[in-house]
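Chain residues, written in single-letter form:
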Amino acid sequence: MGKAALGPGGDERGRTGSSWSVPAQQSRDADPGPHGDGRPQPEEPTPEKPTPEEPTPDDSTPADSRSDEPTSVEPALDAPAPGAPDGRVPLRPYLIVGAVLCALYFLYSYLQYARFDSPSWDLGIFEQEVRAYAGFHAPIVDIKGPGYLILGDHFSPAVALLVPVYWIWPSAVALLLAQAALFALSAVIVGRTVQQVLGGRLGPWVTVAYGLSWGLQEAVKSDFHEIALAVPLIALVCRALLTERWTAAVLWALPLVLVKEDLGITVAAVGLVLFVLGQRFQGALLAVTGVCAFVLTVFVLIPAASSAGSYDYWKKMDTDGQQHVSTLDVVLGAFNSPVKIEMLVFLFGITAFMALRSPLVLLVLPTLGWRLLSRDENHWGMVWHYSAVLMPIVFLAMADGIRRSRTSPRPWLASFAGAVVPVTVGIAFAMTQHLPLRELLRPETYRADAGTYAAREAMAAIPAGVRVETDITLMAHLTADRTVYWIGGAPGIAPDIVAFDQGAGWARSIQDPAAYAEQLHPEATYRLKLRTGSIVVVERTSPGPAPATG
């Protein structure tokens, strides 16, 4: 297979002596053919009793370096792909599949947004963050609290890379498009790497299976998150490891520490894999760098930016409700829920468990570790966006597992390796019947209901530039050109508008919306401006509304 395109600083040093490459009997002992692909060549006729004066054919190759056993089970890593005489993996089919996946992801995200059906406040939070960066301001996210510096919550300065997209399209929808493109890009990377490693025509099929994986689909359903930037980076790290470009693996891994604070431990895990594969200096250095980045971020940078002076998410592990949990109980409870076991089974099951045969699978441990130790049930299962960063790891670990299994002395395993990709594709399509993209086949997905029309009417009643206190329903639609606070999260601010959805469980008991607004902000008076469907819009009457800020 031809060499993959190098990442930053990519090289090919350290290939010899690595336990990563195809088995030595296959990759070293095979008589190199005209293209140096490591596949056995047809034997040339030789005299039955050659004499010293009669050189044997191809006597430039030492006799003891040839293998008498066939080694055509799989091509060597640098052998040209079938149908690609120059050794290059074709790009066009992967771009086509990637474009289709991007369209599906974005279509789902946009329709969910247009129906005012966001599942959480995160899309609004990230738009406020990117909007601040786009204006060359500190990343203040008022949804988390007036003047809240978001770097004191999660350390994700890499989100600023989305500023050019936001300049072109200043809307939360631009973030959804960026996430769709980043996920699709990772699918292209994964698919092309599979074809390079395994040869044949398996790459496009794996691209489809990966693109439909439950981890990515649930992340799309969860609106935008910063991990969208991490997914293609992790795919590039795994690609560099599989193709033995060690420096490229290091350089692709390092930016992960700027995507989210916990990914510093994932960077350390990349160092561990490098160390295991014989790249001891680079591996040890990267592992230390990842751990140091994690410690610096969690114990210094985030507390310095946080009004609480600490990393708030430690409470997710050592606190259950209001009760403190001992470290021993946290560890012993790592597998105490069937939800966790189900997530683990489906994580590896989507690769027919072939991912478990590769050292690459070690990279899932940091993310799985904090999720299994967390006391927050949202972290345990298959929903939300937490598994997206694991998808490129398990799929490329699967490719390496297949490569290793093809030369296994156990015939059943070698045979099973040939069936893994079809099984994986079948699993992906079967699971999609119960995953978010299935909704794109339902006509009602494309129709606006009464709730959507009510939300649109409420939006028209809220002027641009005002300060709004609201809940999830309208939030991501307001953040582009208004100052937005979380309902009940802005004491002493007296916003110009208070708008919320009484159909939400917490608000159903509110009988008088104006009185509720005055309860939140006793320094001001409010009156009901609009009631449409289940949504109410209350405006401030005194003191007079603040001038619009544009």
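The sections below set out a description of the structure shown in this document.

The rules behind each value
- Residues numbered from 1 in each chain as written.
- Predicted model: local features only at pLDDT ≥ 70, side-chain atom pairs only at ≥ 80, totals over all residues.
- Heavy atoms only, no water.
- 1 Å grid on protein atoms, 1.4 Å probe; cavity = no way out; pocket = protein on both sides within 12 Å on 5 of 7 lines; lining within 4 Å.
- Points joined across faces, edges and corners; volume = space filled by probe spheres on them.
- Nonpolar A, V, L, I, M, F, W, Y, C, P; charged D, E, K, R; others polar.
- Helix = DSSP H or I, 4+ residues; strand = E, 2+ residues; numbered from the N terminus.
- Pairing = 2+ DSSP bridges.
- Axes fitted to C-alpha atoms, helices over the stretch in contact; angles between N-to-C directions.
- Buried < 20%, exposed > 50% of the residue type's maximum accessible area, 1.4 Å probe, protein only.
- Contact = heavy atoms within 4.5 Å.
- Salt bridge = Lys/Arg side-chain N within 4 Å of Asp/Glu carboxyl O.

## Comments concerning empty space enclosed by the protein
Next, step 1: Taken as a whole and judged by the stated rule, the model has 3 cavities of 30 Å³ or more.
Next, step 2: Counted as a void, the largest cavity has a volume near 70 Å³.
Next, step 3: As for the largest cavity, its lining consists of I227, K260, D262, L263, T367, W370, H385, Y386 and V389.
Next, step 4: Taken together, the residues of the lining of the largest cavity break down into 5 nonpolar, 2 polar and 2 charged.
Next, step 5: Forming the boundary of the second largest cavity are A209, L212, S213, W214, I350, F395, T424, I427, A428 and M431.
Next, step 6: The element best represented in the lining of the second largest cavity is helix α17 (residues 411–432), accounting for 4 residues.
Next, step 7: Counted by class, the lining of the second largest cavity contains 8 nonpolar, 2 polar and no charged residues.

## Quick look at the sheet that holds strand β4 (residues 483–486)
One key point about sheets: their strands pair by backbone hydrogen bonds, in either a parallel or an antiparallel sense.
Next, step 1: Taken in spatial order, the 5 strands line up as β4-β3-β5-β7-β6 in an open sheet, and their pairing is mixed. A single partner strand is all that each edge strand has here, and the edge strands are β4 and β6 (525–532). Strand-to-strand twist of the sheet, defined as the mean angle between neighbouring strand axes without regard to direction, takes the value 25 degrees.
Next, step 2: Pairing of β6 with strand β7 (residues 535–542), which is carried by 7 bridges, proceeds in the antiparallel orientation. From the neighbouring strand, L528 faces β7, where its bridge partner is V538.

## Looking at the environment of V325
Next, step 1: Examined against the element boundaries, V325 turns out to sit in the loop between β2 (323–324) and α13 (327–332).
Next, step 2: Residue V325 is classed as buried on the basis of its relative accessible area, which comes to 9%.
Next, step 3: Excluding anything up to four places from it in sequence, V325 contacts D318, T319, D320, V330 and R375.

## Concerning helix α15 (residues 365–373)
Next, step 1: Buried within α15 we find P366, T367, L368, W370, R371 and L372.
Next, step 2: Packing partners of the buried residues in α15 comprise α10 (263–276), α12 (315–318) and α14 (338–349).

## What to know about the layout of surface pockets
Next, step 1: Estimates place the volume of the largest pocket at around 1,100 Å³.
Next, step 2: Surrounding the largest pocket, 40 residues form its lining, H154, Y313, K316, H379 and Y386 being those nearest its centre.
Next, step 3: Among the secondary structure elements, those contributing two or more residues to the lining of the largest pocket are α3 (122–134), α12 and α15.
Next, step 4: The element that contributes the greatest number of residues to the lining of the largest pocket is α15, accounting for 5 residues.

## Brief notes about the pattern of salt bridges
Next, step 1: All chains considered together, the criterion is met by 11 salt bridges.
Next, step 2: The closest approach of N and O atoms between D400 and R403, which form a salt bridge, is 2.9 Å. With D400 and R403 both in helix α16 (residues 391–405) and 3 residues apart, the pair spans about one turn of that helix. For the pair D400 and R403, one class covers both residues: buried.
Next, step 3: A salt bridge links D496 to R467, with the nearest nitrogen and oxygen atoms 3.9 Å apart. Taken as a pair, D496 in the loop between β4 and β5 (497–501) and R467 in strand β3 (residues 467–470) lie far apart in primary sequence, 29 residues in all.
Next, step 4: Salt bridges sharing partners connect three or more residues here, namely D400, R403 and R404.

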